[in-house]
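# A structural walkthrough
Below, each chain spelled out in residue letters.
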Amino acid sequence: MSTATLQTDDHRPGPRPTAAARPATGTSPLASSGIFIGRSLVHSMRDGEGLIMAIALPVILMLLFTTVFGGAIQGEGYIDYVVPGIILTCAGFGAASVAVSVSRDMTAGAMLRYRTMPITAATAIVGHVVASVVRNLVATAVVIGVGLAIGFRPTADAVGWLGAVGIVTLWILAVTAVFALIGLVAGSPEAANGYGFVILFLPYVSSAFVPIETMPEWLHGVAEHQPVTPIIETIRGVLMGGETRALEAVLWCLGIVLIAGVLAAWRFPRTRVR
Amino acid sequence: MSPTIEVTGLGKSYGSEPVLASLDLVVDGGVLALLGPNGAGKTTLVSILTTLVKPDSGSARVLGHDVVRDAAAVRRLVRVTGQASSLDELLTGRENLVLLGRLLGLGRRAKPRADELLERLDLTAAGGRSVRGYSGGMRRRIDLAASLIAPAGVLFLDEPTTGLDPTSRARVWEDVRELAAAGTTVLLTTQTLDEAEALADRITVLDHGRIVADGTADELTALVGGQTVVLLDAAGTVIGQSETDGTPASVARALTALDPGNVEGARIELRSPTLDDAFAAITTRPREEVAA
C-alpha cells in the first residue's frame, strides 16, 4: 500500500479554487434532449452530401421505377402503385445515417465527455433520432412533390393524408430506432454504415414495387409477413383507396420501436468506456 | 474543507488483470501530475474519479462527494479532457463550447462565456472554423477550452500533449499554466518527466497500478540522480561515464576524470535523467518489467 499526500498551501500561495462553491447545474433530460436535437439538426444541414443523398436518392429511385422499369412492369397506372413504395424506401435511406452519427458519438470521445457531465448522456441519441425523423419527413415531402409533378394522382381526402403521414412517421421512427441501435452496437462508424444495408433491401421483398403474386411462391410467406408489406398496403389504401392493414402496420412499427428502445436502453450503460 | 481528491484503498481489475492495486492518494489544490508508462493505471484512475468507471474496491471522493454513491454531485464539479477528442467534427470550435456550456446549464451565458474563453486562450480565429479542418494541436487546445466553459472544481487532463508537435505542446503547456495560476485544481497524466516537471507542483509516479514515488520535481530528480557526462568513441559506444550534480564545477571534474587518451574521434555528451532512469532509480524491479 502506498500513500501520497499533496499539500500545496505551504509552498504555493495564491487564490484557492473557488469554483467548488458553485458547481454547474447541468440540464434536465428534457432540456438536454432539446439541445441535442438542435445539434443533430445543425448536423443535418451541414452534412451537405448526406442531405443530398437523403433527398436525391429516393427521387432518382422513383424516376427509375416510373420511367425506366415502369413501362415493362405494369404500364399505365404504375406510378400510383409505386410511389407509396418509394416513400417507404426513402425512409430507410434517410435513416441509415443515424447509425453513423450514433456510432461516431459512441466511438470518439464525445460520449465519454457527456458521461462525465451533469446530464443524461443518452439524450444525445434522442437528438439524433428526432433529427432523423424530421429530416426524413422533409425528404418524404420532396418525394411526394416530385411524384405529384410526374403524374401521381392520389384520391385521398385530408383524413387519408393525415393517416398516411402518421404511418410514414411511425415507419421512419421504427427504422431510425433500429439504425440507432446498430450505431450503438457497431464497433466503428464505417461498420455501422455497412450493417444498415440489410434493412434497405426489405422493401424490395414486399409489395412495394411489384405485387407479391408475381413473385416465386416460396417468397410469398416472407413478403406477405414482413413489416413493410402491411405498411405499404396501408399507405396505398389511404392514399389511393382500397383495403388497408392499418392495425398490423401500427403494431409492427410500435413493436420495432419498443424492442429497439429496450435493447438500446440495456446496451447503452454497458458500452465499454475504456 | 474536504480535500480536492481523496482516494483510499482503490482497486480495479479488468478480468484477472489488476489495473489499480489498493491506491491511496490525497490531493489538495494545485497541479498534480500522474506520471507513468502505458498501462500504469493512469487513465483508469482518471476514469474512476470522473465517474466513468466503478472501482472494484476502496473509495474515492472528489471535493467530499463519493464518486460511486454521489456520482451526480461529482459530475457537477469535474471537467475532463480525455485522450480521444470529444469535439463535434461538424460544428465549429465555438459551437462546441456553446453546446457544452448549454448542457452544463449556462443557458444564455454560454455564448458570451465561449467568446471570452476563446479570446483569453488566443483561439478566437480558430473558434470560428469547423473542427474538421483543425490540426491535432488545435483540436487538443479547443478540447481543453471545452473543459473550462463552466467553472471547474477539478480539471482532469489525460495525457494532454501525447502525439502533439513541440510547438502545440508548448501552447498546451501555456494554457495549463494559466489555469493553474487562476487557481484551478488540475490533475494531469503524462508519460514524460519533463512535462510533469514543467507543469506540476507535485508528481506522483504510478507503475503497475501502484504509487512508486511522489514528491516535487526536485525531490524526484534527487532520487534519479544528476546529469551524467558520457564519453563515446567514434562509433557512439560508451567508453566511460561519470555522474555529476549538474554544477559547472562537478562537470569539469567529471571531464577531467574521463580522459579520452588517444581514442580517435572520441566525443562527450551530457545526459539528463529520462523517465527510464527515473523508474530504474525509483523501483527496484528490472527495467524491462517496469517499461512493460
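Treat the numbers as computed from the prediction; the structure is a model and nothing was measured. (Residues numbered from 1 in each chain as written. Chains lettered and ligands numbered in written order. Predicted model: local features only at pLDDT ≥ 70, side-chain atom pairs only at ≥ 80, totals over all residues. Heavy atoms only, no water.)

## Focus: the overall build of chain A
A count of helical and extended segments in chain A gives eleven helices and one strand. In chain A, the succession of helices and strands from N to C terminus is β-α-α-α-α-α-α-α-α-α-α-α. In chain A, which comprises 274 residues, the share counted as buried stands at 47%. Long-range pairs, those at least 24 residues apart, make up 75% of the contacts in chain A between residues at least 6 apart in sequence. Accessible surface, chain A as shown: approximately 12,700 Å² in total, 69% of it carbon and sulfur. (Helix = DSSP H or I, 4+ residues; strand = E, 2+ residues; numbered from the N terminus. Buried < 20%, exposed > 50% of the residue type's maximum accessible area, 1.4 Å probe, protein only. Contact = heavy atoms within 4.5 Å. Areas by Shrake-Rupley, 256 points an atom, 1.4 Å probe, with all protein chains shown as cover.)

## Observations regarding the overall build of chain B
Within chain B one finds twelve helices and 13 strands. Taken along the three principal axes of its C-alpha coordinates, chain B extends 75 × 45 × 35 Å. Contacts in chain B between residues far apart in sequence, at least 24 positions, make up 65% of those at least 6 positions apart. For chain B, the exposed surface amounts to about 12,300 Å²; the carbon and sulfur share of it is 50%. Separation of charge centres in chain B, based on 30 positive and 39 negative side chains, amounts to 10 Å. (Lys, Arg positive; Asp, Glu negative; His and termini not counted. Charge placed at Lys NZ, Arg CZ, Asp CG, Glu CD.)

## Some points on the sheet that holds strand β8 (residues 185-190) of chain B
Residues and elements named next belong to chain B. With mixed pairing, the six strands of this open sheet are ordered in space as β6-β7-β8-β3-β9-β10. The two strands at the open ends of the sheet, each matched to only one other strand, are β6 (78-81) and β10 (210-215). With strand direction ignored, the average angle separating the axes of adjacent strands in the sheet is 20°. Across the face of the sheet, helix α1 (residues 42-49) comes into contact with β3 (31-35), β6, β7 (154-158), β8 and β9 (202-207) while running at roughly 150° to β8. (Pairing = 2+ DSSP bridges. Axes fitted to C-alpha atoms, helices over the stretch in contact; angles between N-to-C directions.)

## A word on the pairing of strand β1 (residues 5-14) of chain B
Residues and elements named next belong to chain B. In terms of strand pairing, β1 meets strand β4 (residues 57-62) through five bridges, oriented antiparallel. Residue pairing across strands places G11 opposite S57, the latter belonging to β4. Of the strand pairs in this sheet, β1 and strand β2 (residues 17-28) are connected by seven bridges, and their pairing is antiparallel. Across the sheet, residue S13 finds its bridge partner in β2, namely P18. In this antiparallel pair of consecutive strands, β1 and β2, the connection spans two residues, and G15 shows a positive phi of 65°.

## Some details on helix α3 (residues 93-103) of chain B
Residue and element names in this part refer to chain B. The buried count for α3 comes to eight of eleven residues, which makes it a mostly enclosed element. Within α3 the residues assigned to the buried category are G93, N96, L97, V98, L99, L100, G101 and L103. Once α3 ends, the next one or two residues include G105, with phi positive near 100°.

## Details of the UniProt feature "transmembrane region" (unreviewed entry) in chain A
UniProt records the feature "transmembrane region" (unreviewed entry) at residues 51-75, 81-102, 123-152, 158-182, 194-212 and 249-268 of chain A, using the numbering of this structure. For residues 81-102 of chain A, the helix share is 100%, the strand share is 0%, and the end-to-end C-alpha distance is 35 Å. (UniProt positions renumbered as here; feature names shortened; annotations may be inferred.)

## Notes on the pattern of salt bridges
Where side chains of opposite charge bring their charged atoms close, a pairing between them can arise. A complete count under the given rule lists 21 salt bridges over all chains for this structure. Residue R139 of chain B pairs with E89 of chain B through a salt bridge whose shortest N-O separation is 2.4 Å. In this pair, R139 of chain B is assigned in helix α6 (residues 136-146) and E89 of chain B in the loop between β6 and α3, connecting sequence segments 50 residues apart. Here the salt bridges do not stand alone but share partners, grouping R39 and D105 of chain A together with D88 of chain B into one network. (Salt bridge = Lys/Arg side-chain N within 4 Å of Asp/Glu carboxyl O.)

## Some details on the packing of α3 of chain B against α6 of chain B
All names here are of chain B. Running from N to C, α3 and α6 point in directions that differ by 25°, and their axes come no closer than 9 Å. The orientation of α3 with respect to α6, classified from their angle, is roughly parallel. Regarding α3 and α6, the two cross each other, and that crossing is right-handed. Listed contacts from α6 to G93, L97 and L100 of α3 are I142, A145 and A146. Class assignment for the residues of the contact of α3 with α6 results in five nonpolar, one polar and no charged. (Parallel < 35°, antiparallel > 145°, perpendicular 65-115°, else oblique. Left-handed = near helix turned anticlockwise from the far one by under 90°. Nonpolar A, V, L, I, M, F, W, Y, C, P; charged D, E, K, R; others polar.)

## Overview of the interface of chain A and chain B
Each side of the interface is counted separately: chain A has 43 residues, and chain B has 57 residues. Taken together, both faces of the contact between chain A and chain B bury some 4,500 Å²; the carbon and sulfur share is 57%. Connecting chain A to chain B are three salt bridges. The residue R39 of chain A makes a salt bridge to D88 of chain B at a minimum N-O spacing of 2.7 Å. Linking chain A with chain B are 15 residue pairs in polar contact (both at pLDDT 80 or more). Of all the secondary-structure elements, those providing two or more residues to the side of chain A that touches chain B are β1 (5-7), α1 (29-46) and α4 (110-115) of chain A. Examining the composition of the side of chain A that touches chain B, we find that seven residues originate from one element, α1 of chain A, more than from any other. Considering only residue class, the side of chain A that touches chain B consists of 20 nonpolar, 13 polar and ten charged. (Buried area = accessible area lost by both parts, 1.4 Å probe. Polar contact = N/O pair within 3.5 Å; in protein donor to acceptor, adjacent residues only side chain to side chain.)

## Let's talk about the side chain of K42 of chain B
Residue and element names in this part refer to chain B. Inspection of the secondary structure puts K42 in helix α1. A polar contact is formed between the side chain of K42 and the backbone oxygen of G36, at a distance of 2.7 Å. A distance of 3.0 Å separates the side chain of K42 from the backbone oxygen of P37, its partner in a polar contact. In this structure, K42 is in contact with L34, L35, G36, P37, E159, T189, T190, Q191 and L206, ignoring residues within four places of it in sequence.

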